[in-house]
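Geometric and topological summary
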2 protein chains.
Amino acid sequence: MELLKNEFIKFIKERKSIRSFIYKKIDKETILSVIECGRWAPSGNNSQPWRVCIVIHPTVKRMLSELTKYGGIIEDAYVNLVIFLDLERGYDRVKDIQAIGAFMQNLLLGVHAIENIGAVWIGEILSKKDEVNEIFKFPIDKFELMGVIAIGLADEAREKAHEKERERRPLDEFIDWY
Amino acid sequence: MELLKNEFIKFIKERKSIRSFIYKKIDKETILSVIECGRWAPSGNNSQPWRVCIVIHPTVKRMLSELTKYGGIIEDAYVNLVIFLDLERGYDRVKDIQAIGAFMQNLLLGVHAIENIGAVWIGEILSKKDEVNEIFKFPIDKFELMGVIAIGLADEAREKAHEKERERRPLDEFIDWY
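The present account deals with the structure reproduced in this document. (Residues numbered from 1 in each chain as written. Chains lettered and ligands numbered in written order. Predicted model: local features only at pLDDT ≥ 70, side-chain atom pairs only at ≥ 80, totals over all residues.)

**Regarding the relation of the copies chain B and chain A**
Heads up, the condition is: Overlaid copies result from least-squares superposition on C-alpha atoms, with residues included only where pLDDT is at least 70 in both. With C-beta atoms placed from the backbone, a contact is any residue pair whose C-beta atoms sit within 7 Å.
For these two chains of identical sequence, chain B goes onto chain A by a turn of 180° and a shift of 0.0 Å along the axis, with RMSD 0.0 Å. Between the two chains, the operation in question is that of a two-fold axis. Same-surface contact between copies: 100% of interface residues of chain B are shared with the interface of chain A.

**Brief notes about the interface of chain B and chain A**
The line we're drawing: Helix numbering and strand numbering both begin at the N terminus, where a helix is a DSSP run of H or I of at least 4 residues and a strand a DSSP run of E of at least 2. Strands pair, by our definition, only if DSSP identifies at least two bridges between them.
Counting residues at the interface gives 60 residues for chain B and 60 residues for chain A. Those elements that place two or more of their residues in the side of chain B that touches chain A are helix H1 (2-14), helix H2 (28-39), strand E2 (50-55), helix H5 (93-112) and strand E6 (175-177) of chain B. In terms of strand pairing, strand E6 (residues 175-177) of chain A meets E2(B) through three bridges, oriented parallel. Residue pairing for E2(B): Trp177(A) is matched across the bridge by Ile54(B).

**Looking at the pairing of strand E5 (residues 143-154) of chain A**
Residues and elements named next belong to chain A. Keep this limit in mind: Think of it as a crowd count around each C-beta: if 20 or more other C-beta atoms lie within 10 Å the residue is buried, if 12 or fewer it is exposed, and in between it is partly exposed, with C-beta placed from the backbone throughout.
Burial analysis of E5 places 10 of its 12 residues in the buried class, which makes it a mostly covered element. Inspection of the sheet shows strand E1 (residues 21-22) paired to E5 by two bridges, in the antiparallel sense. Counterpart to Phe-21 in the pairing with E5 is Ala-154. Pairing analysis gives eight bridges linking strand E3 (residues 79-86) to E5, with the strands arranged antiparallel. Bridging from a neighbouring strand, Val-79 pairs with Ile-151 of E5. Direction of pairing for strand E4 (residues 117-122) relative to E5: antiparallel, over a ladder of six bridges. Looking at E5, one finds that Gly-118 is bridged to Gly-152.

**Quick word on the nonpolar core**
Rules: Residues enter a nonpolar core if they are buried, belong to Ala, Val, Leu, Ile, Met, Phe, Trp, Tyr or Cys, and are joined to the set through C-beta atoms within 7 Å.
Ranked by size, the top nonpolar core spans 106 residues in total, and within it Ile149(A) and Ile149(B) carry the most contacts. The contact partners of Ile149(A), leaving out residues within four places of it in the chain, are Asn80(A), Leu81(A), Ile83(A), Met104(A), Leu107(A), Leu108(A), Ala119(A) and Trp121(A).

**Thoughts on the pairing of E4(A)**
Among the six residues that make up E4(A), six are buried, leaving the element largely enclosed by the rest of the structure. Going residue by residue along E4(A), you find Ile117(A), Ala119(A) and Trp121(A) tucked away on one face and Gly118(A), Val120(A) and Ile122(A) tucked away on the opposite face as well.

**Description of the environment of Asn80(A)**
Residues and elements named next belong to chain A. Counting through the fold element by element, Asn-80 comes out in strand E3. With 26 C-beta atoms counted inside 10 Å, the residue Asn-80 sits in the buried group. Each C-alpha atom of the pair Asn-80 and Glu-124 lies 14 Å from the other, and the pair is 44 residues apart in sequence. Beyond its immediate sequence surroundings of up to four residues, Asn-80 is in contact with Val-55, Lys-61, Leu-64, Ile-74, Val-148, Ile-149 and Ala-150.

**Quick word on the environment of Lys16(B)**
Residue and element names in this part refer to chain B. Following the sequence through the fold, Lys-16 ends up in the loop between H1 and strand E1 (21-22). With 17 C-beta atoms packed within 10 Å, Lys-16 lands in the partly exposed category. Counting along the chain gives 150 residues from Lys-16 to Arg-166, while the straight-line C-alpha distance between them is 8.1 Å.

**Observations concerning unusual backbone geometry**
All names here are of chain A. A positive phi angle is found at Asn-46, which is not glycine, with a value near 50°. Its location among the elements puts Asn-46 in the loop between helix H2 (28-39) and strand E2 (50-55). On the basis of neighbour counts, which here come to 13 C-beta atoms within 10 Å, the residue Asn-46 falls in the partly exposed class.

**Side note on helix H5 (residues 93-112) of chain A**
Given 3.6 residues per helical turn, the α-helix brings residues three or four places apart onto the same face. Put simply, the rule is: Helix span, expected: 1.5 Å multiplied by one less than the number of residues in the helix.
For H5(A), built from 20 residues, the straight-helix expectation of 28 Å at 1.5 Å per residue is met to within 8% by its first-to-last C-alpha distance of 29 Å. Along H5(A), 19 of the 20 residues are buried, which leaves the element largely enclosed by surrounding structure.

**Things to note about helix H3 (residues 58-65) of chain B**
Residues and elements named next belong to chain B. The test is simple: Relevant arc is that of directions from the helix axis to the C-beta atoms, nothing else.
When we look at burial in H3, the residues that qualify are Lys-61, Leu-64 and Ser-65. Each buried residue of H3 lies within a common arc of 95° when the element is viewed along its axis, so the set occupies one face. Residues of H3 that are exposed and point over 90 degrees away from its buried face: Thr-59 and Arg-62. Against E2, helix H4 (71-76), strand E3 (79-86), helix H6 (129-136) and strand E5 (143-154) lie the buried residues of H3.

Below is the structure:
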């Protein structure tokens, strides 16, 4: 089992953002298997305060893309998951937002588990959150935009060309032993 | 690769909270491999706004345990990871807290990857966050408590006795297609 353990840890550590996509259909079953990973994320009081709009239609993608400087990524992605906090299900602002973070991370890992596809978490669009609500006719007192996950077939060549070193702080900078 | 894909998705879906522990040492290397998973979590602007106090010493565990009704779990766990938001590294309240959620989920999955050990995310202690800061002499304007992850060797017998059905909302309740 040591091998398996290392495989899973390697899997978690190697997930990275993919921003360049080749247009190709991703079947509904695959999209659902990704969302199923999110579904099992933990949340305080098991409140599960998430709501997801699965955007495939070009017109809706275009409307979304106009609300962020990363619109090109949204348009190139086959599917965009638009994630909202369901304010009526929430019970504690900090814990609700943490739950959404865990949910979105599970979605990203779910994508990472599937051969050839990749995803990126777009947060910059939060600056236009009310406009995003309007697209889906979501009242702003009921749903709050939390981010978009753009998913598509990875364009390995373009990814390689723009590849940046993945940078993280060294462990010793943020841990202490007691 | 289909098999591997299914293995990873199964791995993510099957993670669950473990609240009953048998006291047994977990070596430093294992603890670090869990935190290494957190280290690779995504964060807005790659701000990585996390700070972790790794608590093994019985006196510090006792002090923590007195600040939550889940103190028994904290005392039984071999190690508790006390997670803070590093307010000076943060840049956007919602995105910082989401990043912490993603970080904590990666820690939980990192634990899940290791045979025989389990973990639970304790959020209730946030009601005593200033008192937790005092234990570590962390100024409240620099670090904000985000939660505790209690980790230990799973006591399978006690877990089984208290096992609750893991409940999640059906997918159709929180998704829409566009």
